[in-house]
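Architecture and fold: a report
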Amino acid sequence: MNQHVVMENLYFERDNHIIFSNLNLKIARNKVTAIMGPSGSGKTTLLKLIGAQLYPKRGKILFNGKNIHHLSRKELNNARCQMGLLFQEAALFTHLNVFENVAFPLRENSELLDFMIRDLVLMHLETVGLRGTALLKPSQLSSGMARRVALARTIALDPSLIMYDEPFTGQDPITMAVLMRLIQHLNRVLGLTTVIVSHDVQETLSIADYVYIIFDGKVVGEGRPQKILASENLAVQQFTHGLADGIIPFHYPAEDYRKDLGLADA
Amino acid sequence: MRVKPHIEIMVGFLLLLSIVALSFLAFKVSGLKSYVNKPETYLVHAEFDDIGNLKERASIRLAGVRIGQVVKIHLNPETFRADVVMAIYRKNNLPIDSSLRILTEGLLGTNYLALTPGYSDQSLKEGARIEETHSAMILENLIGQLLYRFKDDDKKDQKKHSKIEHKVVIS
Amino acid sequence: MLDFVQMLGHNSLKFTRRLGGSFCFLCASLLRWPRWRRSFPLLIEQIYFIGVYSLLIIIISAAFIGMVLALQGHNTLEKFSASSQLGQLLALSVIRELGPVICALLFAGRAGSAIAAEIGLMQTTEQLASMEMMGVDPLWRIISPRFWAGFYVMPLLVLIFDMVAILGGYLISVDWLALDAGTFWSNMQSSVDFYTDVVNSVLKGLAFGFVVTWVSVYQGYYAPPNAEGISHATTRAVVYSSVFVLGLDLILTAVMLGGW
Ligand SMILES: Nc1ncnc2c1ncn2[C@@H]1O[C@H](COP(=O)(O)OP(=O)(O)OP(=O)(O)O)[C@@H](O)[C@H]1O
Ligand SMILES: [Mg+2]
């Protein structure tokens, strides 16, 4: 079984606003898959659908060959323990310190003894280079550090699939490079299936094995990074080269601008 | 998961405080003490024509000192009088010809039974009956009697009054 | 006119839906109670945060209320030369009404708002969502312990409030107004009944604790995910729970006095 996650004919809408009209997407095991698309195209929504926090109107998502939306509560919890989702904001628990944040999934999902948890947490914090912050509160961290703590917390449960929601935004170049190395390291050494959602074309393409570009509720381009860069598709070209004008509109769908300003008949 | 010790201490303190509060409310504030920690008593009966507002658990006093409480009040179906059962503290030996009155604390207060001791050498025993009782003073009856008096007075004064009224109407 | 009817219909439909929704939410969070060994420490922790933190304000308010009540009651009763009844007045009004109601209002202001704000913040910053992704059910881990803690703590707080208020009143009556301590207590004892008064006070406390935590938790959980949403949710938690407490108090009092 080579596909970790498979999406078939996904249809999803929110407040009568269609987000995915017919989405087909495959995430290969042990590979780095990048999902790119303009802001508001529904990338975060896609990750939440995979995590079964949202339910699609039609179509299905298979995780390890099973429809994730048809699992019982217990099976779903087990499936969720096998996937890590790194939220756009770090979403650290504000009432716990860094150490307890990383320890949280271990304490909740395993019967490990305290000293084992301590060692594991310190190991994971060392991996992201933040062992020294163990006793700080999340409010004392910068947003980049918070994101790395969240990464440590996500890998604490040893998931087989890890999804990063825009891991690079708001990071300085050094941290960005460190993060990229970390992501690659986790992928190669631990064999984690990796999904990266990002707008940072260069960085993402440099570490991705396979790329999807979604726009207007569909996949408009897919393939290996070189193929994407060479693509003839107008939307893909506009996105990869960062052109202001093209078929991807900058504006959220709205009424005619002139009409909205009351200039319709002028 | 363990709970931090100071949390446990404070929660324990909260529980302790509320237990203290509960026992305070039970034994000091409400009359539960008399259920639990019963002093030795003996029961005595008395019949009244009218008990007014007397309630169960009202106190019985001799010279202002509490010597027992009312246990039960019910109607005697034969005499149509109120049968009051009282529990008197065992340590009080009362003459058998004592009498009872229903009095009120202050103007609006609750009713209690005042016992006036008699002169007999024999003392009341368990199940004895106090024969001499005075009914409660019912405010309405008192006022009724008072009004009746006034009416008599009125008749004498009627002429004077009507004249005055006349004057008032004219002016 | 038609607009008005339409609005009325719309709003009552919305209200009914809210009520149904919050009831489902309540059931969902109450039915998650599977693992005692893990749930118990969470409960203790919440009893600490909800109960112990409210203790100080409740003790202080109770003392003042008891004292004021004694002064006012004495002032009025004196006119009828019935100041010996002060203890009874104090105990009955505190135990039957003021204790549970004021305690619930203070509890809503102190703990209810904190619960709503905390849960609202966790929802907004996706802490609950990420908890869910770790295979931990937030209804079980976060909501349920707070709910039960509020439910258990309220009666305890009411008992403490009753005691402190009566002691405060005692202080004023006996030390300041120079009433006789013996009369004070014995009049109180002959009029306060443990089963109908004290137990009912505790029952009211249970009911109010239930209402306040239900409202607060619900408001926090469904707060719109932004700063304004949280502030509204906090306000609403306090306002709604106060109104519900007062309304429920009327019903409960009618039941307890009328013996329906
Ligand atoms: N809670 C919500 N309720 C209603 N609509 C929502 C909600 N969250 C997101 N949306 C809508 O869903 C669409 C996709 O949102 P999503 O957050 O998935 O975009 P995104 O691709 O992650 O964007 P970005 O790159 O800016 O994070 C947006 O058009 C947004 O308006
Ligand atoms: Mg997003």
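Right above here is the structure, for reference.
Remember, it's a predicted structure, so these values are computed and weren't measured experimentally.

Side note on the packing of aromatic side chains
For the coordinates displayed, the defined rule picks out 20 aromatic pairs over all chains. Measuring from ring centre to ring centre gives 5.9 Å for W148(C) and Y152(C), while their planes differ by 25°; the resulting arrangement is stacked. Of this pair, W148(C) and Y152(C) both sit in helix α5 (residues 138-176), four residues apart, which is roughly one turn of the helix. The class for Y152(C) is partly exposed, based on a relative accessible area of 39%. Grouped by ring-pair contacts, the aromatic residues F147(C), W148(C), F151(C), Y152(C), F210(C) and W214(C) constitute a single cluster. Of note, R153(A) hangs over the ring of F93(A), and the distance from its end group to the ring centre comes to 4.7 Å.

Structural notes on the interface of chain C and chain B
Taken together, the contacts link 37 residues of chain C with 32 residues of chain B. With both sides pooled, the region where chain C packs onto chain B buries about 3100 Å², and carbon together with sulfur makes up 75% of that total. Summed over the three residues of chain C that lose the most area to chain B, namely M163(C), Q189(C) and F194(C), the buried surface amounts to 19% of that side. Summed over the shared surface of chain C and chain B, the number is zero salt bridges. Inspection of the region where chain C meets chain B yields one residue pair in polar contact (both at pLDDT 80 or more). Considering only residue class, the side of chain C that touches chain B consists of 25 nonpolar, eight polar and four charged.

Overview of the coordination of the magnesium ion (ligand 2)
Residue and element names in this part refer to chain A. Only T44 (OG1) and Q88 (OE1) from the protein coordinate the magnesium ion (ligand 2), and they sit 1.9 to 2.5 Å from it. Highlighted residues: T44 in helix α1 (residues 43-50) and Q88 in the loop between β6 (83-86) and α3 (98-109), separated in sequence by 44 residues. On the basis of relative accessibility, which here comes to 24%, the residue T44 falls in the partly exposed class. A residue is classified by how much of its surface remains accessible, and Q88, at 28% relative accessible area, is partly exposed.

Examining the side chain of T175(A)
Tracing the backbone shows T175(A) in helix α6 (residues 173-190). At 2.3 Å, the side chain of T175(A) forms a polar contact with the side chain of D172(A).

Overview of unusual backbone geometry
Residues and elements named next belong to chain A. The backbone phi angle of A52 is positive, close to 60°, even though this residue is not glycine. Mapped onto the elements of the fold, A52 is located in the loop between α1 and β4 (58-63). Positive phi, close to 55°, is recorded for A91, a residue that is not glycine. By relative accessible area, which is 5% here, A91 ends up buried.

Some details on the sheet that holds strand β9 (residues 210-215) of chain A
Residues and elements named next belong to chain A. Read from one edge of the open sheet, six strands run β6-β7-β8-β3-β9-β10, paired in mixed fashion. Strand pairing shows two members of the sheet lacking a second neighbour, β6 and β10 (218-223), which therefore form its edges. Averaged over neighbouring strand pairs, the angle between their axes works out to 15° when direction is ignored. With four bridges joining them, β6 and strand β7 (residues 161-165) adopt parallel strand pairing. Within β7, the position partnered with G84 by the bridge is I162. The sheet strands contacting α1 are β3 (32-36), β6, β7, β8 (193-198) and β9, and the helix crosses β7 at an angle near 155°.

Considering the interface of chain A and chain C
Taken together, the contact pairs 25 residues of chain A with 20 residues of chain C. Along the contact surface separating chain A from chain C lie four salt bridges. The closest approach of N and O atoms between E108(A) and R141(C), which form a salt bridge, is 2.8 Å. There are seven residue pairs in polar contact (both at pLDDT 80 or more) connecting chain A and chain C. If you list the elements that add at least two residues to the side of chain A that touches chain C, you get α2 (73-81), β6 and α3 of chain A. Here the side of chain A that touches chain C is composed, by residue class, of ten nonpolar, seven polar and eight charged.

Conventions used here
- Every chain is numbered on its own, with residues counted from 1 as its sequence reads.
- Ligands are numbered from 1 and chains lettered from A, in the order in which they are written.
- Since the coordinates come from a predicted model, pLDDT governs what is reported: local features require at least 70, and pairs of side-chain atoms require 80 or more to be given and counted, while whole-chain, interface and lining totals use all residues.
- The side-chain values count all of the structure's non-hydrogen atoms but skip hydrogen atoms and water molecules.
- Stacked, tilted and edge-to-face are the three classes applied to pairs of Phe, Tyr and Trp rings, where Trp contributes its six-membered ring and a pair requires centres within 6.5 Å; stacked means planes under 30 degrees apart, edge-to-face means over 60, and tilted covers the rest.
- Counting from the N terminus, the helices are the DSSP runs of H or I reaching at least four residues and the strands are the DSSP runs of E reaching at least two.
- Exposed residues in this analysis have more than 50% of their type's maximum accessible area, buried residues have under 20%, and partly exposed residues fall in between, with area computed by a 1.4 Å probe over protein chains only.
- Throughout this description, the term charge over a ring refers to an Arg CZ or Lys NZ atom that lies within 6 Å of the ring centre and within 35 degrees of the ring normal.
- Here a residue-residue contact requires only that any non-hydrogen atoms of the pair lie within 4.5 Å.
- Accessible area that two parts lose when put together, with a 1.4 Å probe and added across both, is what the buried area reports.
- Think of a salt bridge as a Lys or Arg side-chain nitrogen and an Asp or Glu carboxyl oxygen that are within 4 Å of each other.
- Any pair of N or O atoms that falls within 3.5 Å is considered a polar contact. Within protein, one atom must be able to donate a hydrogen and the other to accept it, and sequence-neighbouring residues count only if both atoms are side-chain atoms.
- Note on residue categories: nonpolar means Ala, Val, Leu, Ile, Met, Phe, Trp, Tyr, Cys or Pro, charged means Asp, Glu, Lys or Arg, and polar means any other residue, Gly included.
- Any N, O or S atom lying within 2.8 Å of the metal counts as a donor, and for Na, K and Ca the limit rises to 3.2 Å; water is left out, so some sites can look incomplete.
- Two strands are counted as paired when DSSP detects at least two bridges linking them.
- A fitted line through C-alpha atoms serves as each axis, taken over the contacting stretch for helices, and the angle formed by two N-to-C directions is quoted from 0 to 180°.

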